[in-house]
Amino acid sequence: EAIMQRAFEPYVTTKTKGAGLGLFLSKELVNLLGLPHEKFRDRTLLPFATSVVDRIEINTKESFALDRGTNGAWQIVQPFRARADTAAVGRFFESLSKLEIKHFTKDVETDFSSWGLAKPVSQYVLKSTLTNNAGITNRIVAQVDFGTNNAEEVFVRRGSEPSVYAVSYFDSVRLPNAAFEMRD
């Protein structure tokens, strides 16, 4: 009877060659299956590889763009031309890649106006330059639109997805709003 009370604890077994993990793991899996599906969703807002990004387009209080040169150095190309600070570009990529979904607000939305996403407050677009038979084209690697904020969160949308998410307002304000913030 003592063994029955401890049967679901790890390393408890009645077998000579048993590890005592069978019932423990089975119970853990059953417990996980009882969790809401949201607990299993990836909370990374924008998974992307910085190595494929050749162009950054930012539309906030000011619209500006940066291009990666053939030598790997970044340059501000709009609204003026200037060398970009490599560390600032690195911080931008790091901040963008660390944006975590706090809430899966709405899975399918058709009217984004109530979230401030019909005309986003700010937009960050990462592009990759491709050369093909048609010439040079820019493929969108990642895009995030920022809408209105609610307390300590801001509503966001990835590219053309129909979903609305909430991320930390404090994480979102780490992203640049003007070209001078990226200047060398």
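Calculation notes
Throughout this description, residue numbers start from 1 for each chain and increase along the sequence as written. Under the rules for a predicted model, residues below a pLDDT of 70 receive no local features and side-chain atom pairs below 80 are neither given nor counted, while totals for whole chains, interfaces and linings still include all residues. Computation of side-chain values: all heavy atoms of the structure, hydrogens and water removed. By definition, any uninterrupted DSSP run of H or I lasting at least four residues is a helix, any uninterrupted run of E lasting at least two residues is a strand, and each is numbered from the N terminus. Burial here depends on accessible area, computed with a 1.4 Å probe over protein chains only, as a share of the maximum for the residue type. Under 20% is buried, over 50% is exposed, and the range in between is partly exposed. Note on contacts: a residue pair is in contact if any heavy atoms of the two residues lie within 4.5 Å. Note on areas: these come from Shrake-Rupley sampling with a 1.4 Å probe, and a residue is covered only by the protein chains present in the view. What makes two strands pair is DSSP finding at least two bridges between them. Just to be clear on terms, a salt bridge is a Lys or Arg side-chain nitrogen sitting within 4 Å of an Asp or Glu carboxyl oxygen. The quantity called pLDDT is the predictor's confidence in a given residue, expressed from 0 to 100. Within this scheme, the nonpolar core is defined by two criteria: the residues are buried Ala, Val, Leu, Ile, Met, Phe, Trp, Tyr or Cys, and they are joined through side-chain atoms within 4.5 Å. The pairing test for Phe, Tyr and Trp rings, Trp by its six-membered ring, is centres within 6.5 Å, and the orientation test on the planes gives stacked under 30 degrees, edge-to-face over 60, and tilted for anything in between.

Student: Residues and numbers for the overall build of the chain, please.
Tutor: When helices and strands are counted, the chain shows four helices and nine strands. Reading the helices (α) and strands (β) of the chain from amino to carboxyl end gives α-α-β-β-β-β-α-β-β-β-β-β-α. The buried share of the chain, reckoned over its 184 residues, is 35%. The long-range share in the chain, meaning contacts at least 24 apart out of those at least 6 apart in sequence, stands at 54%. When the accessible surface of the chain is totalled, it reaches about 11500 Å², and 52% of it is carbon and sulfur.

Student: So what's going on with the sheet that holds strand 3 (residues 74-78)? Residues and values would help.
Tutor: Taken together, nine strands build an open sheet; the order of strands is 4-3-2-1-6-7-8-9-5 and the sheet is antiparallel. The strands lining the two open edges of the sheet, one partner per strand, are strand 4 (82-83) and strand 5 (101-106).

Student: Let's hear about the pairing of strand 8 (residues 153-158): which residues, and what values?
Tutor: Among the six residues of strand 8, six are classified as buried, and the element is accordingly described as predominantly covered. Of the two faces of strand 8, both are covered, the one formed by E153, F155 and R157 as well as the one formed by V154, V156 and R158. Taken together, the five bridges between strand 7 (residues 135-150) and strand 8 define a ladder with antiparallel strand orientation. Counterpart to F146 in the pairing with strand 8 is V156. Between the antiparallel neighbours strand 7 and strand 8 lie two residues, among them A151 with a positive phi of about 60°. Relative to strand 9 (residues 164-168), strand 8 is paired through four bridges, and the arrangement is antiparallel. Looking at the pairing, F155 lines up with A166 of strand 9.

Student: Provide a residue-level description of the pattern of salt bridges, including the pertinent values.
Tutor: Scanning the entire structure with this criterion turns up 10 salt bridges. R83 is the salt-bridge partner of D184, the closest N and O atoms lying 3.0 Å from each other. Of the two residues, D184 sits in the segment after helix 4 (169-172) while R83 sits in strand 4, which places them 101 residues apart along the sequence. Considered together, D184 and R83 belong to a single accessibility category, that of exposed residues. Among the charged side chains, a network of salt bridges with common partners joins R55, E57, D67 and K127.

Student: Account for the confidence of the model for the chain, naming residues and giving values.
Tutor: A residue-level look at the chain finds 79% of positions with pLDDT of 70 or above and a mean pLDDT of 86. The least confident element of the chain, judged by mean pLDDT, is helix 1 (residues 2-5) at 59; the most confident is strand 1 (residues 55-59) at 97.

Student: Residue-level account of the nonpolar core, with values.
Tutor: Burial of nonpolar side chains together is a common tendency in soluble globular proteins. Counting 31 residues, the largest nonpolar core has I56 and F92 as its most contacted members. Looking at which element gives the most residues to this core, the answer is helix 3 (residues 86-97), with five residues. Each residue touching F92, except ones within four places of it in the same chain, is listed here: I56, I58, Y124, L126, L175, P176 and M182.

Student: Break down the packing of aromatic side chains for me, citing the residues and quoting the values.
Tutor: All chains considered together, the criterion is met by eight aromatic pairs. With a centroid separation of 5.9 Å and an interplanar angle of 80°, the aromatic rings of F104 and Y165 are classed as edge-to-face. In this pair, F104 sits in strand 5 while Y165 sits in strand 9, placing the two residues 61 residues apart along the sequence. You can call F104 buried: its relative accessible area is 12%. Given the relative accessible area of 3%, Y165 is considered buried.

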